[in-house]
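Structural overview for review
Okay, here's what each chain looks like letter by letter:
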Amino acid sequence: MDDTSKRTGGYGFETRMIHAGSQPEPVTGARQTPIFQNTSYVFYDSDHAASLFNLQTFGFIYSRLTNPTVAVLEERLASLEGGRGATCCASGHAAQILTFFAFMEPGDAFIASNRLYGGSITQFGKTFKKFDWTCHFVDVDDPDAVRRALTPKCKAIFVESLANPGGVVSDLEALSAIAREAEIPLIVDNTLATPYLCQPIDWGADLVVHSTTKFLSGNGTSVGGAVVDSGRFDWSVSEKFSSLSAPEPAYHGLNFQETFGDMAFTTHAHAVGLRDLGPAMAPMNAFLTLLGTETLSLRMERHCENAQRVAEFLASHPKVAWVSYPGLKNDRYHELAQKYLPKGAGAVFTFGVAGGFEAGLKVVESVNLFSHLANVGDARSLILHPASTTHRQLSDEQRQAAGAGDEVLRLSIGLETAEDLIADLDQALTATA
């Protein structure tokens, strides 16, 4: 049995997206995971309580830390990503905070792609400064630029496998090699690709982040986030990661790496991150996201099929200046998409409207089937003008680097009939005349 089979229990992806983490409820026999809508859990006795609080045994204490419904989703996502453990939380941004909180100290730095979701650029570039964390934004298409950005204080490299919004595909294998040389983790946001289209851990990622709000949920009902740990990074590799490899005062000197091994990060994320930052995932949101995972492969196949057809239509439209979709053969990221996204190039991409800013606004105001809103990964097709919404807080230079210029429209292609989506975009583009 190869390493991947060991990490997935030998079952196929579709089997795991339905069954991983889930068992019939033992008291009633309910087959669907119940919504455990409660705050706290009864201890068997004083010794049991003490062992839970000392991290000597795993179990449920308080739903800020662990919840039975959320735990099923954590186990499922870890299985789908081929990871060792997972931590679910209140949003994708919360997942990013939890990730860096585990190993960053004041004065530390990390490297991130300059082609990220606008909210992540703002979080990393502005809000993280309040913690005295510095983010160096780099064009990760240039390995030499990434190496030049490395400093002794640098503790991680962060990229999106498939970038939001521009259809940029990261060369994970090359970036993983750089991270290994520097003895720091590679963190990959796999939100837009999902574990069905891309398996970052197979390409060397150490931690995988998700906004479960998007395709994992798939229906626009449930905000959530997750970080999946590969279990492969040795946090004792250097003194940089002392929060995970040195005695923890709050747990009587316990050493997470020494005590929990390949579960060190996941245990720390629950026992310290969720304990102190408090961004717990709601049980109802976990339940709805579990329902979403049960159809993930089917939905992603249709998402990608529809997106390919829409992108090909737009590429030949006279009112369209360009299309950035790695499923197109002439796209600069097509070869990388073939390598890292063999089942499809995703459902979120951008295109440029001839006529610039005003033409872009006209299109979003003229569509009928497409919903004009700030989300992706819904069963419904969505449209957004990033320059006036998600990326408006950025400078012109940052927006251009992120692929969110004045003329750019972002599409999240849903599950409708492709011909209807094409007709809607055609009439909206015609309205810009």
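Residues numbered from 1 in each chain as written. Predicted model: local features only at pLDDT ≥ 70, side-chain atom pairs only at ≥ 80, totals over all residues. Heavy atoms only, no water.

1. Section: the overall build of the protein
Per the secondary structure count, the protein includes 18 helices and 12 strands. Computed over the C-alpha atoms, the radius of gyration of the protein is 22 Å, within 12% of the 22 Å expected from 2.2 N^0.38 for a compact globule of 433 residues. The dimensions of the protein, computed from C-alpha atoms along their principal axes, are 75 × 55 × 40 Å. Each of the 433 residues in the protein was classed as buried or not, and the buried ones make up 58%. Here the analysis covers contacts within the protein between residues at least 6 apart in sequence; of these, 72% occur between residues at least 24 apart. (Helix = DSSP H or I, 4+ residues; strand = E, 2+ residues; numbered from the N terminus. Rg over C-alpha atoms; globule rule 2.2 N^0.38 Å. Buried < 20%, exposed > 50% of the residue type's maximum accessible area, 1.4 Å probe, protein only. Contact = heavy atoms within 4.5 Å.)

2. Here we look at the pattern of salt bridges
Under the criterion given, the structure shown has 11 salt bridges. The salt bridge involving R275 is made with D276; its shortest N-O contact spans 2.7 Å. According to the relative accessible area criterion, D276 is partly exposed, its value standing at 45%. Members of the salt-bridge network, linked through shared partners, are R115, D139, D141 and R332. (Salt bridge = Lys/Arg side-chain N within 4 Å of Asp/Glu carboxyl O.)

3. A short note on the environment of N255
Structurally, the position occupied by N255 is in the loop between α10 (242–245) and α11 (256–260). N255 sits 12 residues away from S243 along the chain, and the two C-alpha atoms are 8.5 Å apart. Beyond its immediate chain neighbours, meaning those up to four positions away, N255 contacts L244, S245, A246 and F260. Of note is the side chain of N255, whose polar atom sits 2.6 Å from the backbone oxygen of S245. (Polar contact = N/O pair within 3.5 Å; in protein donor to acceptor, adjacent residues only side chain to side chain.)

4. Section: the packing of helix α5 (residues 92–101) against helix α6 (residues 118–125)
Relative to each other, α5 and α6 sit at 35°, their axes nearing to 11 Å. You can see that α5 and α6 cross each other, and the crossing is right-handed. The residues of α6 that touch α5, namely those facing H93, Q96, I97 and F100, are G119, S120, Q123 and F124. Its residues assigned to classes, the contact of α5 with α6 shows 3 nonpolar, 5 polar and no charged. (Axes fitted to C-alpha atoms, helices over the stretch in contact; angles between N-to-C directions. Left-handed = near helix turned anticlockwise from the far one by under 90°. Nonpolar A, V, L, I, M, F, W, Y, C, P; charged D, E, K, R; others polar.)

5. Thoughts on the environment of R410
By secondary structure assignment, the location of R410 is in strand β12 (residues 408–412). On the accessibility criterion, R410 (4% relative accessible area) is buried. Measuring from C-alpha to C-alpha, the distance between R410 and G352 comes to 9.0 Å, with 58 residues separating the pair along the chain. A polar contact is formed between the side chain of R410 and the side chain of N164, at a distance of 3.0 Å. Only 3.4 Å separates the side chain of R410 from the backbone oxygen of N375, close enough to count as a polar contact.

6. Some thoughts on the sheet that holds strand β6 (residues 207–211)
Strands belonging to one sheet form pairs held by backbone hydrogen bonds; the direction of such a pair is parallel or antiparallel. With mixed pairing, 7 strands are arranged side by side in an open sheet as β1-β7-β6-β5-β4-β2-β3. At either margin of the open sheet sits one strand with a lone partner, and together these are β1 (85–89) and β3 (134–138). This sheet shows a mean twist of 20° between the axes of neighbouring strands, independent of strand direction. Bridge count for strand β2 (residues 109–113) against β3 is 5 bridges, and the pairing is parallel. (Pairing = 2+ DSSP bridges.)

7. Considering the domain arrangement of the protein
Each assigned domain of the protein is listed here: domain 1 (12–292) and domain 2 (296–430). The centre of domain 1, based on its C-alpha atoms, is set 28 Å off from the matching centre of domain 2. Taken together, the two surfaces of domain 1 and domain 2 that pack against each other cover about 3400 Å², and 62% of this comes from carbon and sulfur. Seen at the junction of domain 1 and domain 2, the total is 2 salt bridges. Among the ionic pairs, K339 bridges to E173, the shortest N-O distance being 2.6 Å. Joining domain 1 to domain 2, the criterion identifies 12 residue pairs in polar contact (both at pLDDT 80 or more). Of all the secondary structure elements, the ones that give two or more residues to the side of domain 1 that touches domain 2 are α2 (13–19), α6, α8 (172–182) and α9 (194–197). (Domains from an automatic or database assignment. Buried area = accessible area lost by both parts, 1.4 Å probe.)

8. Remarks on helix α12 (residues 264–277)
With 14 residues, α12 should reach 20 Å at 1.5 Å per residue; the first-to-last C-alpha distance of 18 Å fits that figure. The sharpest bend along α12 measures roughly 30° and falls at H270. By the criterion of burial, α12 is predominantly enclosed, with 11 of the 14 residues buried. What α12 keeps buried is the set A264, F265, T266, T267, H268, A269, H270, A271, V272, G273 and L274. (Expected span 1.5 Å × (residues − 1). Bend = angle between axes of the 7 residues up to and from the residue.)

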